[in-house]
Amino acid sequence: MKKVVLGSLLIALVSSTGAFAQSGAATGAATGAVGGAIVGGPAGAAVGATVGAVAGGISDETRPRFRTYVSGQKHGSYRYESEVRVGADLPSSGVTYYEVPREYGVTKYRYTVVNDRTVLVDPGTHRIIEVID
């Protein structure tokens with residue numbers, strides 16, 4: 001019975017992440033919930049969602065200020081042939097990644113501008129973790 005409930009929870013969480021893909025907190029919450037569910041079942045999912053939301057990316061409250069900050073930096077836009085979306089892998093060369101100022105609460109990730117859209121990127125994998133619109 002636990003496997004059925006856990007499997008259903010994972011399917012629901014994974015399928016719902018597309019609707020929240022543009023929000024850092026929502027993406028982090030969904031990812032954390034899935035990880036927590038795998039380790040600790042439904043209780044782990046609740047804890048994982050909370051932790052994931054905190055570490056997910058630019059918060060909804062600071063997003064407008066961050067957009068203003070990035071536009072003021074006047075960085076050139078990298079032209080990317082594929083869809084700019086969460087989970088897309090950017091090339092390891094040819095793209096310039098910039099540090100996110102501490103005031104936005106994200107120190108693990110870098111940002112760049114791709115097809116005129118600001119994105120947060122995991123510097124180790126070059127994977128887009130958040131699209132800032």
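Here is what the cut-offs are and how they apply
Residues numbered from 1 in each chain as written. Predicted model: local features only at pLDDT ≥ 70, side-chain atom pairs only at ≥ 80, totals over all residues. Heavy atoms only, no water. Helix = DSSP H or I, 4+ residues; strand = E, 2+ residues; numbered from the N terminus. Buried < 20%, exposed > 50% of the residue type's maximum accessible area, 1.4 Å probe, protein only. Contact = heavy atoms within 4.5 Å. Areas by Shrake-Rupley, 256 points an atom, 1.4 Å probe, with all protein chains shown as cover. Pairing = 2+ DSSP bridges. Salt bridge = Lys/Arg side-chain N within 4 Å of Asp/Glu carboxyl O.

## Observations regarding the overall build of the protein chain
Step number 1: Assigned secondary structure in the protein chain consists of 3 helices and 4 strands.
Step number 2: Here the protein chain holds 133 residues, and the buried ones make up 38% of them.
Step number 3: Sequence separation of 24 or more characterises 57% of the internal contacts of the protein chain that already satisfy a separation of 6 or more.
Step number 4: Of the roughly 7,500 Å² that the protein chain leaves accessible, carbon and sulfur atoms contribute 58%.

## Some thoughts on the sheet that holds strand 1 (residues 98–99)
Step number 1: Here we have 4 strands laid out as an open sheet, ordered 1-2-3-4, and antiparallel in their pairing. The open sheet has two edge strands, strand 1 and strand 4 (127–132), and neither has a second partner.

## Notes on the pattern of salt bridges
Step number 1: Under the definition given, this model contains 6 salt bridges.
Step number 2: Residue Arg-65 is joined to Glu-103 by a salt bridge in which the shortest nitrogen-to-oxygen separation is 3.2 Å. Here Glu-103 lies in the loop between strand 1 and strand 2 (110–114) and Arg-65 lies in helix 3 (residues 63–73), a separation of 38 residues in the sequence.
Step number 3: For Glu-103, a relative accessible area of 53% gives the class exposed.
Step number 4: Close ionic contact of Asp-116 with Arg-79 constitutes a salt bridge, the shortest N to O distance being 3.1 Å.

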